[in-house]
Each structure stands twice: as C-alpha cells, then as structure tokens.
Amino acid sequence: MAPYSKLSKEKLKNLKSDLEKQFEEIKKKGLHLDMSRGKPSKAQLDIGIGMMDVLTSESDLVSSDGVDCRNYGVLDGISDARKLLADLSEVPERSVIIYGNSSLNVMFDTMSRAMTHGFMGSTPWGKLDHVKFLCPVPGYDRHFAITEFFGIEMINVPLLETGPDMDMVEELVAKDPLIKGIWCVPKYSNPTGISYSDETVRRFARLKPAAKDFRIFWDNAYSIHHLYDDKRVVVLELLNECIKVGNPDIVIKFISTSKVSFPGSGIAALAASRGNLEDARRYMKYQTIGHDKLNQLRHVRYFKDMLGVYEHMRKHAAILRPKFEKVDEVLTKELGGLGIGTWTKPLGGYFISFDSMEGCAKAIVAKAKEAGLVMTDAGATYPYGKDPKDCNIRIAPSFPTVEELEIASKIFVLSVKLVSIEKLLNA
C-alpha cells in the first residue's frame with residue numbers, strides 16, 4: 001500500500017472504517033496482554049532453576065578464600081564473586097565491590113550518597129541550591145525516576161546511533177559546574193538498542209567538566225544480553241580509557257546478574273577507581289556488615305566462570321530471539337512503507353523502540369489498552385514523562401510467549417494505523 005499521507009481523505013475514511021471493525025472484533029475477545037516492562041519470561045527463569053540446588057544443608061559454605069559465607073563480614077564481597085563480576089564488567093578484581101541483589105539499588109545508593117555526603121570530599125549535592133544531570137533520550141525511565149526523586153534537574157541530550165550527542169555533552173559539562181553527571185546505558189541501550197561507538201567512549205574518558213565531582217553513571221545493564229552469537233556488539237571499556245588519559249575518577253560502572261540469574265535475587269557490583277571505591281566503603285560500613293554472601297557463593301558455584309555465564313546467556317538468547325523477530329516481522333508486514341512509524345532492530349537487550357508520527361504515541365498506547373494490550377506509558381522514555389514530540393513508544397517483547405506476541409503486535413499495529421489515520425484526517 002502507498003504511504004498513508006499520499007491517500008485521499010476518502011480512501012483514509014474507508015480504510016479507517018474497515019480497521020475499526022477489526023478493532024471492535026478484537027475488543028470482544030477480552031484479551032489481557034502485556035508488553036509494558038522488560039521482565040524475563042517463565043521460560044527464562046526456568047533455565048536457571050538449577051541454581052536453587054547448588055547450596056544445600058550438606059554443602060561446604062566456605063568460599064575459596066576461606067570465608068564462612070553464613071557469617072558476618074567481608075564488606076567488598078567474597079573474592080570468587082568479585083572475580084566473576086569483574087570479568088563481567090571487564091575490569092580487574094581490585095576495581096569491584098559486590099553489593100546486594102540489584103544494580104538499581106546500587107545506583108540509588110550512589111545518588112543518595114552524592115546528595116548527603118558528596119563524592120570524595122566534595123560538597124554534598126543536597127547542600128547546593130541547584131543540581132543538574134544529563135539524560136540521553138529516549139532513555140531508561142528508572143534512571144530518570146531516581147534523579148527526579150532527589151529533585152535534580154534533568155537535561156535532555158539526544159541519543160544518536162553512536163551514543164549521546166557528544167558535542168552537546170562536552171559543551172554543557174565544560175561550562176556549567178551545576179551539571180554533576182550523566183546517565184548512560186552503553187550497550188543495547190534502553191529502549192533503542194543502540195551501542196556506543198569507540199569514539200564516543202574515548203570522548204567520555206576525555207571530558208573536562210566544570211564540576212570536579214562530575215560522574216558518568218555507566219549502567220552495563222545489557223552488556224552480555226546478545227540476541228545473536230555471530231553479531232555480538234563490543235563496546236570499548238570506559239574505566240581503562242579514563243585511566244589512560246589520567247581521568248580515573250570520572251566514571252562509576254554498575255553491573256548485576258538481575259537478567260542473568262533471577263531478577264531481584266541476583267548479585268550486583270560497582271566498578272570504579274580506587275578513590276571512588278574507598279569513598280563508597282566509608283559509606284557502606286555504616287549501612288551493612290556485609291551483603292548476602294550465600295547468594296554470592298550460589299552464583300559462583302553455579303556459573304563457575306564467564307564461560308559458564310556466556311553459555312547460560314545463549315539459552316536466554318534462544319528464548320528471546322524469536323520474540324524480537326516476531327515483533328519485527330509483524331511491524332514490517334503491517335507498517336512497512338506506510339510512513340506512519342519507524343522502529344529499531346536491536347542486536348541485544350530487552351526492548352524495541354518505536355517512533356510514531358508526532359503527537360500520536362499517547363493515543364496509540366491508550367488505543368492498544370482498549371483492546372487489552374498494556375504497554376509502557378508513552379513519554380516514559382523521557383525525563384518527567386514528557387516526550388516533546390509525543391512519538392516514542394517502548395516495546396518489551398520478553399515476557400509474553402511468541403504466540404501472544406503475534407496477537408499483541410497485531411493489536412499494536414492496528415492501534416498505530418487508526419491513530420495515524422485520525423491525525424491525517426484532522427490535518
């Protein structure tokens with residue numbers, strides 16, 4: 001079919017009438033489908049269920065470095081777990097501290113520490129009249145929620161195919177000491193799936209911020225979440241690049257196994273320079289006597305090393321890949337060439353990013369909900385939930401089955417068509 005914008009109003013009205021009939025038939029089915037959040041499916045959770053049998057009452061619960069994991073102590077985490085998460089973060093073991101079950105917790109704690117105590121002797125952000133943070137958009141809603149919770153002003157930075165617009169980032173951080181950091185998801189970004197280029201990483205390492213306590217919050221949420229073995233994206237490791245140019249303290253990296261083992265029951269880590277780690281320890285010693293070492297030991301005994309992790313992630317990919325391909329298949333078949341939407345085809349991660357015609361995203365999400373399909377709120381991928389063009393929608397294919405996804409995708413494209421036609425008729 002020709003692009004909708006080329007059709008006469010008469011043809012658009014006839015098409016709308018046909019589509020509305022299809023939509024009403026779907027509504028009658030009383031469906032309850034969910035593409036709202038990037039939750040692992042039951043099938044993904046099942047592949048790691050053997051982890052529950054690794055430790056029993058008969059197990060030796062002493063780590064390889066002699067720590068009785070049932071007891072207090074070991075603030076940094078057991079050595080085996082530090083080694084595993086260091087390998088996952090592509091840094092030396094000495095650069096890692098193990099925390100609790102989720103990198104989101106670690107990011108919140110790190111932001112909270114900056115607000116109450118500052119970084120490495122700097123003025124606590126909470127004592128300043130105004131603090132700003134850069135937010136690549138579209139981006140991760142939970143990052144933005146943390147920043148908003150602490151009353152920090154968020155500044156949109158366009159996310160390009162190579163990463164954040166570095167010309168804009170460099171200019172802003174160089175001239176404004178109130179800008180204290182930037183959120184980053186460097187590989188398979190949420191929601192677009194893009195990965196940062198080597199040049200982008202090097203430019204981050206060479207940043208010269210006006211604020212001496214500026215920090216790059218580098219969230220490696222999807223660093224090993226490849227969909228294709230033969231198309232694995234490699235992103236240059238930032239901490240080492242920062243060390244090379246004499247700028248080691250500017251980055252704090254976050255990593256977890258939340259979408260590797262069990263969400264909410266994984267292990268998380270912070271990777272950073274010696275100065276940043278010492279700073280974190282001073283805060284942590286008042287917070288805990290040591291995180292869950294039994295869970296750390298369980299992960300180490302189950303995965304053993306990075307080869308074990310990679311093999312496990314291939315099983316995840318085998319479940320996720322057909323889901324992403326099914327969504328793309330339906331979008332391509334139903335929307336290709338119509339000029340009413342574009343979408344990403346990620347090589348990894350958990351999301352597909354869809355851009356509708358301007359001013360249509362909220363209406364599309366609401367329309368889909370009428371037919372029983374729940375999606376992430378339009379605007380969620382922007383700070384304060386305000387997408388200036390009202391066009392970006394995050395699609396999360398992980399939780400439904402492939403069969404459910406086919407139905408959900410058809411509801412979605414039907415909603416896109418109806419809302420787009422309405423916009424064209426009112427133009």
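All values reported here derive from a predicted model rather than from experimental measurement.

1. Focus on the pairing of strand 13 (residues 392-395)
Then comes step 1: Side chains Asn 392 and Arg 394 project from strand 13 onto one buried face, and the interleaved Ile 393 and Ile 395 project onto a second face that is buried too.
Then comes step 2: Sheet topology note: the strand 11 (residues 352-356)/strand 13 ladder contains four bridges and is antiparallel. Bridged to Ser 353 within strand 13 is Arg 394.

2. Re the side chain of Asn 247
Then comes step 1: Along the chain, Asn 247 turns up in the loop between helix 8 (238-244) and strand 8 (251-256).
Then comes step 2: One polar contact links the side chain of Asn 247 to the main-chain carbonyl oxygen of Leu 207, over a distance of 3.1 Å.

3. Side note on helix 5 (residues 141-149)
Then comes step 1: For helix 5, every residue scored as buried is listed here: Asp 141, His 143, Phe 144, Ile 146 and Thr 147.
Then comes step 2: Structurally, helix 5 contributes buried residues whose contacts are with helix 4 (103-116), strand 3 (132-137), strand 4 (153-160), strand 6 (179-184), strand 7 (215-219) and strand 13.
Then comes step 3: In the segment just after helix 5, Gly 151 is the residue with positive phi, at about 75 degrees.

4. Describing the packing of helix 12 (residues 361-370) against helix 13 (residues 402-426)
Then comes step 1: Here helix 12 crosses helix 13 at 130 degrees, and the two axes come no closer than 9 Å. Accordingly, the angle class assigned to the pair helix 12 and helix 13 is oblique. The two elements helix 12 and helix 13 cross, and the hand of that crossing is right-handed. Counted together, Ala 363, Ile 364, Lys 367 and Ala 368 of helix 12 and Ile 411, Phe 412, Ser 415, Val 416, Leu 418 and Val 419 of helix 13 form the full contact between these two elements.
Then comes step 2: Within the contact of helix 12 with helix 13, the residues separate by chemical class into eight nonpolar, one polar and one charged.

5. Here's the deal with the pairing of strand 9 (residues 268-272)
Then comes step 1: Buried residues dominate strand 9, accounting for five of its five residues.
Then comes step 2: Of the two faces of strand 9, the one carrying Ala 268, Leu 270 and Ala 272 and the one carrying Ala 269 and Ala 271 are both buried.
Then comes step 3: Pairing between strand 2 (residues 96-98) and strand 9: three bridges, direction antiparallel. Bridging across to strand 9, Ile 97 finds its partner in Leu 270.
Then comes step 4: As judged from the five bridges shared by strand 8 and strand 9, these two strands associate in the antiparallel manner. Note on strand 9: the bridge partner recorded for Ser 256 is Ala 268.

What counts, and where the lines are drawn
- Residues numbered from 1 in each chain as written.
- Predicted model: local features only at pLDDT ≥ 70, side-chain atom pairs only at ≥ 80, totals over all residues.
- Heavy atoms only, no water.
- Buried < 20%, exposed > 50% of the residue type's maximum accessible area, 1.4 Å probe, protein only.
- Helix = DSSP H or I, 4+ residues; strand = E, 2+ residues; numbered from the N terminus.
- Pairing = 2+ DSSP bridges.
- Polar contact = N/O pair within 3.5 Å; in protein donor to acceptor, adjacent residues only side chain to side chain.
- Contact = heavy atoms within 4.5 Å.
- Axes fitted to C-alpha atoms, helices over the stretch in contact; angles between N-to-C directions.
- Parallel < 35°, antiparallel > 145°, perpendicular 65-115°, else oblique.
- Left-handed = near helix turned anticlockwise from the far one by under 90°.
- Nonpolar A, V, L, I, M, F, W, Y, C, P; charged D, E, K, R; others polar.

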